[in-house]
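# Coordinates in review
Letter by letter, the chains look like this.
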Amino acid sequence: MIVFGPRQVAQLNTVKAMSANTNLVHSLISVIRSLSLEERQLLEEKLFFDNGEPSTAELLRLAERGGGYDFLHSEPDLYTLDDGKPV
């Protein structure tokens, strides 16, 4: 009977997890290869461009409509185009 210590058990668990991950990767590659061109393009768009973060346009709309900068409307105009100084 072979007895493994905690270190050997941890190493075996790591090898098993790596093996499971490798199998998952191969399965995913197989599924991706079976997709049509349109489906692959949609997948690429979701993976590389749809990161779940708000876009610049969405952030600008939020700043405009959120009210966080409304106080600027009552601020005096300190500089104008007539000043002749670059800003």
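Analysis parameters
Throughout this description, residue numbers start from 1 for each chain and increase along the sequence as written. Local features are withheld for residues below a pLDDT of 70 in this predicted model, meaning they are given only at 70 or higher, and side-chain atom pairs are given and counted only at 80 or more; totals for whole chains, interfaces and linings count all residues. Hydrogens and water molecules were not included; the side-chain quantities draw on all heavy atoms of the structure. Strands are runs of DSSP state E lasting at least two residues, helices are runs of H or I lasting at least four, and both sets are numbered from the N terminus onward. Working definition: with a 1.4 Å probe on protein chains only, accessible area under 20% of the residue-type maximum means buried, over 50% means exposed, and in between means partly exposed. Per-residue accessibility takes into account occlusion by the displayed protein chains alone, with areas from the Shrake-Rupley method and a 1.4 Å probe. Patches were defined on residues exceeding 30% relative accessible area and lacking a salt bridge, with like-charge contacts within 9 Å and nonpolar side-chain contacts (Val, Leu, Ile, Met, Phe, Trp, Tyr) within 5 Å. A carboxyl oxygen of Asp or Glu within 4 Å of a side-chain nitrogen of Lys or Arg is what we treat as a salt bridge. Values of pLDDT, the confidence the predictor places in each residue, fall between 0 and 100.

### Some remarks on the overall build of the protein chain
A tally of helices and strands in the protein chain yields three helices and zero strands. Tracing the protein chain from N to C terminus, the helices and strands come up as α-α-α. Taking all 87 residues of the protein chain together, 0% fall into the buried category. A total of about 8700 Å² of accessible surface is found on the protein chain, and carbon and sulfur atoms cover 59% of it.

### Observations regarding a nonpolar patch on the surface
On the surface, Leu-24, Leu-28 and Ile-32 cluster together into a nonpolar patch covering about 260 Å² of accessible area. Tracing the sequence through the fold places Ile-32 in helix α1 (residues 6-33). Residue classification places Ile-32 among the partly exposed residues on the basis of a relative accessible area of 35%.

### Side note on the confidence of the model for the protein chain
Put simply, the protein chain has an average pLDDT of 81, and 82% of its residues get 70 or more. When pLDDT is averaged over each helix and strand of the protein chain, the minimum, 78, is found for α1 and the maximum, 90, for helix α3 (residues 56-66).

### What about α3?
The buried count for α3 comes to zero of 11 residues, which makes it a mostly uncovered element. The first or second residue beyond α3 is Gly-67, which carries a positive phi of 90 degrees.

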